[in-house]
Amino acid sequence: MVKSYLKYEHSKTFGLVSSSTSNVVWSADGHVSSKSSGSGRAVVAANEDVLCWDIRKGELLSRWSDNNCKSQVTAIAQSKSDPDIYAVGYEDGSIRIWDSKISTIIVSFNGHRSAITILTFDKSGVKLASGSKDTNVIIWDLVAEVGLFKLRGHKDQITGVQFIQPEAPQDITEKEETALGTYGETDNEGFLLTTGKDALIKLWDVASQHCIETHVAQTNGECWALGVSPDDTGCITAGNDGELKIWSIDTHALLTLSKQVNGDTGESRYLHGRGVLHRQGKEKAIGVSFHPRHDYFAVHGSEKAIEIWRIRSEEEVKKSLSRKRKRRREKLGSAAEKMDIDNANSDIDDKADDLSTAEITDFFIPHVIMRIGGKVRSFDWIHNKGSKVIQVLAAMVNNQLEVYSIPTKEKSKKSKSDELPDYTRTLSVELPGHRADIRSLALSSDDRMLASASNGGLKIWNVRTRSCLRTFECGYALCVAFLPGDKIVVVGTKAGELELFDVASAAQLDTVKAHEGAIWTLQVHPDGRSLASGSADKTAKFWNFEIIQEEIPGAKRTTPRLKLAHTRTLKVSDDILSLRFSPDARLLAVALLDNTVKVFFIDSLKLFLNLYGHKLPVLNMDISFDSKLIVTCSADKNVRLWGLDFGDCHKAFFAHQDSILQVAFVPHNQDGNGHHFFSSSKDRMIKYWDGDKFEQIQRLDGHHGEIWALAVSRTGNFLVSASHDKSIRVWEQTDEQIFLEEEKEKELEELYESTLTTSLEPEHGKDEDENEVGTAGKQTIETLMAGEKIVEALEIGMTDLQAMKEWEAAKTLQPNTAHPSRHPLFMALGGISAEVHVLTVLQRVKAAALQDALLVLPFATIPMLFTFLNIFAMKSMNTPLTCRILFFMLKTHHRQIVASKTMKLMLDGIRGNLRQALKRQKDEMGYNLAALRVIGAQVNEKGVKDYIDEDTWEQEDTASQKKRGFVQVS
């Protein structure tokens, strides 16, 4: 009989505040109930999920996760028109549009070949532009749910994308108004500004889909960031060595260009370099952003600081220029009379040409440098209404979020003494995660609490609710364990100290200087009365738990206190990396830096076995519940199983693609799984093995960094893993059975599918690269499956149509002819016609994947498809979809269709039927519109305003508060 195993599945993730893979987005509180908290929400990436934090309370409001997605989030953008809509870009090049209110995906796009680097919405929220590491920019239509086009031009990854949508100024004169026409009413496609790592800044015309201007943005290497001012009149590009380049954008000229019919750019230039600023940090810049309302912008690199710059008003610039002139005059005052005359002349020139003489450093001045609690990954402005201070939300590389407040420069202040404003850290989200990588995990005896230890911090978690119960400060922790009773946690540190913490009172009980070197490992004895610690100082020490009565200062009473009493020391020939007691308390296994494992008797500490075989040091090991097997894992990527009777190696597996950091047996033998074990590695995988059959049962992938620590529950129902990606993941045993053969087949299928999609991508020919514009599409497994379903539906449908046609012909000759036998699928679906089935299949394909699915169809199926399109047109079945498929297929296969004589007749038929269908729809819409106008006129005649016109609604909304309040009262 084939043996089955129970499957482990990822159930929950915690310990992560924000990943350093993506930017952070601040959002105002969406719900009225949460407005009291006041500070808004932070939307951040957490590996493959997106988290939404309440900044003031430090609570997790929602988690957006897609079970089908394993890739990390690399970019987040919020829609400007609908604040609940977010675009999220992933490492595999996919984009998902999320509705934050219900935490669900509205639409997903696939078009990029590699990670998304930047996303941005246009002002209307209808278009989305995405930049990627594959050097392309794609513009997506969110209403039609399709990719419009791909813009090629950059030679390296895209670092900045921004829509420039010039609007006609409000205070234009009548003359200009007639020249520009009623611009507000026309639909302006706008322009797109992009920067790349290739140090270029490009301006694209979205309407004509081509690049109208290119400049070299940075003089010394790559361009890393782009920030555009809120009114689109200027932008800043940031590069290496703290260089910031200021550009002005001629929006008036862009507006006139968008009005032109032929769109001839001529020799005109729209981007003008205005000068270079140098910030204090000399690292490469990561982000530049203008404040949406105040005249400030902020820039940061990967250092622990954000620099805030202020943009001066014209009056301030004039004042500073006059001060400079005054100083210059004072300097030259002591010179000769002749010099004075020259100076007077130059003064006259200065006054005549005031602002044009100002340098760029007169307009942009450093406001404050904020030193923050970690290296910055990204930041966003917090714009609360009516606040006097400007606030910044910063996401750090070390898994925390912080909010800083900076006072604005008051115009009344004139004293130079307090020029540097003081910033304050007002809020932070840091408790739900460690600052550094978790190096060790330990579960309590009842599996309810989890202890995680890192460099500088120990946290106690409730496993079921994922909440952090206690946080302690500790040294550089390397190992951790719960003592019997689960009230006390012991931590071994790199400095050679054993630290004791009381979970209940949240206090540190004791620090014992136990070893000269780092304590790499510690384990509690199976009888629960002592523990052993192994260190880099080549000794293993045994400690008894003793309760001593300690006097309370200033009182005669005493209080009981736990103390570690050193009893024995075992000296070995090399550093100890791991030690393990056998569950029967007979043997102690010690792994040394010299690649060997030595097994001692616990009572006499005499050597029993030497286990040779690993080529690199053994990093971890575990002994099975019956003390019969020991499993060792090493930096040589191998796992070895040994018998503890004679020290014979049962099996050596090449288990992982990198160093294996931890192994752990299932601690009991309830379901005969006592010899099953888990291994975790730097290759980001956890693997589940059968130690009797020497077979891999299952592969658990989900982590995005090396897995440092692993802990299996006492019941064996779940295991917990901690990784370099800062997350703690819980994997639970399910009731689903898995079979080894099926798992192997599944792995092979995954491998095949991953190579299949890459092989289907079109080759980059020279002619393709020369084109500035391409189609936004990418073959995925989803589109291939959809294409296959369409072909299958067409083939079944054609045979059915043929059979029905023959039956109709036979029926005219002989009315009693029997009904033909149809395909069982049509009968199962309630005897539907072939065209209804084909249309249903086409409608089920998502709009975003339809074009790629149609590309899968071979040309031989086109006549079949066109036959059905003709029937759709004749019967007016989903005319928009029919038109979309028809036009796309004509565009794609134009040459073959033109060359085919049989297709000509078919296309004539489709044209006639489609025109009739469209005319019917047009007449219907025209009739309805006319009827609505008549009803509108009747409503106006009666003089009662029952419905609200959008134009007047806008005006009422901007009216003063008092007036509006009065109207409400009346």
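Calculation criteria
- Residues numbered from 1 in each chain as written.
- Predicted model: local features only at pLDDT ≥ 70, side-chain atom pairs only at ≥ 80, totals over all residues.
- Heavy atoms only, no water.
- Pairing = 2+ DSSP bridges.
- Helix = DSSP H or I, 4+ residues; strand = E, 2+ residues; numbered from the N terminus.
- Axes fitted to C-alpha atoms, helices over the stretch in contact; angles between N-to-C directions.
- Buried < 20%, exposed > 50% of the residue type's maximum accessible area, 1.4 Å probe, protein only.
- Core = buried A, V, L, I, M, F, W, Y, C linked by side-chain atoms within 4.5 Å.
- Contact = heavy atoms within 4.5 Å.
- Polar contact = N/O pair within 3.5 Å; in protein donor to acceptor, adjacent residues only side chain to side chain.
- Phe/Tyr/Trp six-rings, centres within 6.5 Å; stacked < 30°, edge-to-face > 60°.
- pLDDT = per-residue confidence, 0-100.

**Examining the sheet that holds strand β46 (residues 638-643)**
Right, so step 1: Spatially, β44-β45-β46-β47 is the arrangement adopted by the four strands of the open sheet, whose pairing is antiparallel. Edge strands, defined here as strands with exactly one partner in the open sheet, are β44 (618-623) and β47 (649-654). Adjacent strand axes in the sheet meet at a mean angle of 15° when their direction is disregarded.
Right, so step 2: Across five bridges, the pairing between strand β45 (residues 629-634) and β46 is antiparallel. Considered in β46, the bridge of T632 is made with R640.

**Overview of the environment of V368**
Right, so step 1: With respect to the helices, strands and loops of the structure, V368 is situated in strand β25 (residues 364-371).
Right, so step 2: With a relative accessible area of 5%, V368 lands in the buried category.
Right, so step 3: Put simply, V368 and R310 are 58 residues apart on the chain and 8.8 Å apart in space, counted from C-alpha to C-alpha.

**Some points on the sheet that holds strand β51 (residues 695-701)**
Right, so step 1: Reading across the sheet, the four strands line up as β48-β49-β50-β51 and stay open at both edges, with antiparallel pairing between neighbours. Among the strands making up the open sheet, the edge pair consists of β48 (660-665) and β51. For this sheet, the mean inter-axis angle between neighbouring strands, taken without regard to orientation, is 20°.
Right, so step 2: As defined by bridge partners, β48 adjoins strand β49 (residues 676-681) across five bridges and the pair is classed as antiparallel.

**Overview of the nonpolar core**
Right, so step 1: Formed by 38 residues in total, the largest nonpolar core has its most connected members in I790, L854, L865, F866 and I885.
Right, so step 2: At nine residues, the largest contribution of residues to this core is made by helix α12 (residues 862-875).
Right, so step 3: Setting aside anything within four residues of it in sequence, one finds I885 in contact with L842, L850, L854, L865 and L869.
Right, so step 4: Counting 18 residues, the second largest nonpolar core, distinct from the first, contains I164, L203, L226 and C235.

**Observations concerning the side chain of R580**
Right, so step 1: By the element assignment, R580 lies in strand β40 (residues 576-581).
Right, so step 2: Engagement of the side chain of R580 in a polar contact is seen with the backbone oxygen of M621, the distance being 3.3 Å.
Right, so step 3: If near-sequence neighbours (up to four positions away) are discounted, R580 is found in contact with T521, Q523, L587, L588, A589, N620, M621, D622 and I623.

**Topic: the pairing of strand β19 (residues 234-239)**
Right, so step 1: In terms of burial, β19 is a largely internal element, six of the six residues being buried.
Right, so step 2: Neither face of β19 is open: one carries G234, I236 and A238, the other C235, T237 and G239, and all of them are buried.
Right, so step 3: Linking strand β18 (residues 223-228) to β19, which pair antiparallel, is a turn of five residues; within it D232 sits at a positive phi near 65°.
Right, so step 4: Examined bridge by bridge, β19 and strand β20 (residues 243-249) share five bridges and lie antiparallel to one another. From the neighbouring strand, A238 faces β20, where its bridge partner is L244.
Right, so step 5: The antiparallel pairing of β19 with β20 creates a hairpin that spans three residues between the two strands, and D241 there sits at a positive phi of about 55°.

**Topic: the packing of aromatic side chains**
Right, so step 1: On inspection of all chains with the given rule, the structure shows 19 aromatic pairs.
Right, so step 2: Here F653 and F694 contribute two aromatic rings whose centre-to-centre distance is 6.5 Å and whose plane-to-plane angle is 65°, an arrangement assigned as edge-to-face. Here F694 lies in the loop between β50 (685-690) and β51 and F653 lies in strand β47, a separation of 41 residues in the sequence.
Right, so step 3: Between the aromatic rings of F665 and F677, the centroid separation amounts to 5.6 Å while the plane-to-plane angle is 65°, which identifies the pairing as edge-to-face. With F665 in strand β48 and F677 in strand β49, this residue pair connects regions lying 12 residues apart in the sequence. For the pair shown, F665 and F677 are each scored as buried.

**Section: the confidence of the model for the protein**
Should pLDDT be low for a region, the predicted coordinates there are not to be read in detail.
Right, so step 1: Chain-level statistics for the protein give a pLDDT mean of 84 and a share of 88% at 70 or above.
Right, so step 2: Here residues 172-186 scores under 50 on pLDDT; set against residues more than four positions off or in separate chains, the count is 13 contacts.
Right, so step 3: Scored below 50 in pLDDT, residues 764-768 makes four contacts in the model with residues more than four places away or belonging to other chains.

**Concerning the pairing of strand β43 (residues 607-611)**
Right, so step 1: Strand direction decides the pairing type here: strand β42 (residues 597-601) and β43, joined by four bridges, are antiparallel. Residue pairing for β43: V599 is matched across the bridge by L609.
Right, so step 2: Taking the residues between adjacent antiparallel strands as the criterion, β42 and β43 are bridged by five residues, where L605 takes a positive phi near 55°.

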